[in-house]
Amino acid sequence: MKTKKPSRIKYWIIILVGYVAIFLIGFFIPIAYDSVTHKDNQTDMAANAASDSSKQKQKSKTKSATAKKATVSAKSTKSHATAALSKIEVAAGETGYAIATKYGLSVDELQSLNPDVDVNNLREGETLTIK
């Protein structure tokens with residue numbers, strides 16, 4: 001008895017179905033895994049949205065107090081402004097960007113506070129002025 005060979009079309013259909021199955025498994029497993037493992041993420045996002053709206057309400061209430069403080073601080077002398085500045089020493093391997101972000105400044109602000117120093121080419125031991 002001779003065994004019948006399957007036709008080529010059946011062979012390629014089986015191969016195609018296999019590839020589609022592998023693709024679908026590879027596509028949907030990460031999505032299902034994320035939805036199972038990050039359930040808390042959705043509740044955290046809702047809580048953050050609620051806290052953000054309460055923060056905005058609180059900010060609007062304190063704007064008038066901030067405006068009063070701004071007029072008082074505008075009257076302060078230059079010596080008070082320099083007292084708010086402090087000096088730091090550059091450690092080995094630190095960059096201008098790292099120092100600026102560490103102290104909440106932009107690189108341009110750091111450069112304007114230190115016009116005599118090249119912030120893009122810092123050396124260990126240099127002294128920088130920061131806010």
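Everything numeric here is computed off the predicted structure, so don't read it as measured data. (Residues numbered from 1 in each chain as written. Predicted model: local features only at pLDDT ≥ 70, side-chain atom pairs only at ≥ 80, totals over all residues. Heavy atoms only, no water.)

**A few points about the overall build of the chain**
Then, in step 1: In terms of regular secondary structure, the chain is built from five helices and two strands.
Then, in step 2: Within the chain, contacts between residues at least 6 apart in sequence are counted, and of these 52% link residues at least 24 apart.
Then, in step 3: For the chain, the accessible area works out to roughly 11400 Å², and carbon and sulfur atoms hold 61% of it. (Helix = DSSP H or I, 4+ residues; strand = E, 2+ residues; numbered from the N terminus. Contact = heavy atoms within 4.5 Å. Areas by Shrake-Rupley, 256 points an atom, 1.4 Å probe, with all protein chains shown as cover.)

**Some details on the nonpolar core**
Then, in step 1: Judged by nonpolar contacts, Ile88, Val90, Ile99, Ala100, Leu105, Leu110, Val117, Val119, Leu122, Leu128 and Ile130 together constitute the single largest core of 11 residues.
Then, in step 2: For Leu122, the residues in contact, after removing those within four places along its chain, are Val90, Glu94, Thr95, Gly96, Ile99, Val117 and Leu128. (Core = buried A, V, L, I, M, F, W, Y, C linked by side-chain atoms within 4.5 Å. Buried < 20%, exposed > 50% of the residue type's maximum accessible area, 1.4 Å probe, protein only.)

**As for the packing of aromatic side chains**
Aromatic ring pairs: the centre-centre distance and the angle between the two ring planes describe each pair.
Then, in step 1: Enumeration according to the criterion identifies three aromatic pairs in this entry.
Then, in step 2: Taken together, a centroid distance of 6.0 Å and an interplanar angle of 20° make the contact between Phe23 and Phe27 stacked. Note that Phe23 and Phe27 are positioned in helix H1 (residues 8-37) at a spacing of four residues, about one turn of the helix.
Then, in step 3: A residue is classified by how much of its surface remains accessible, and Phe23, at 54% relative accessible area, is exposed.
Then, in step 4: The exposure class of Phe27 is partly exposed, given its relative accessible area of 41%.
Then, in step 5: With 5.0 Å between their ring centres and 85° between their planes, Phe27 and Phe28 make a pair best called edge-to-face.
Then, in step 6: A residue is classified by how much of its surface remains accessible, and Phe28, at 46% relative accessible area, is partly exposed. (Phe/Tyr/Trp six-rings, centres within 6.5 Å; stacked < 30°, edge-to-face > 60°.)

**Re the environment of Ile88**
Then, in step 1: By secondary structure assignment, the location of Ile88 is in strand S1 (residues 86-89).
Then, in step 2: Sequence spacing of Ile88 and Leu128 is 40 residues, and the spatial spacing of their C-alpha atoms is 5.3 Å.
Then, in step 3: Ile88 has contacts with Ile99, Tyr103, Glu126, Thr127, Leu128 and Ile130, leaving out every residue within four places of it along the chain.

**Notes on the side chain of Thr129**
Then, in step 1: By secondary structure assignment, the location of Thr129 is in strand S2 (residues 127-130).
Then, in step 2: Of the residues examined, Thr129 reaches a relative accessible area of 12% and is grouped as buried.
Then, in step 3: Separated by 3.1 Å, the side chains of Thr129 and Lys87 make a polar contact.
Then, in step 4: The contact partners of Thr129, leaving out residues within four places of it in the chain, are Leu85, Ser86, Lys87, Leu110, Leu113 and Asn114. (Polar contact = N/O pair within 3.5 Å; in protein donor to acceptor, adjacent residues only side chain to side chain.)

**Concerning the confidence of the model for the chain**
Then, in step 1: Overall, the predicted model of the chain reaches an average pLDDT of 75, with 61% of residues at or above 70.
Then, in step 2: Predicted confidence is poor over residues 70-83, with pLDDT under 50, and the contacts of this stretch with residues over four places away or in other chains come to zero contacts. (pLDDT = per-residue confidence, 0-100.)

**Focus on the side chain of Asn114**
Then, in step 1: Structurally, Asn114 is set in the loop between helix H5 (107-113) and S2.
Then, in step 2: Setting aside anything within four residues of it in sequence, one finds Asn114 in contact with Leu128 and Thr129.

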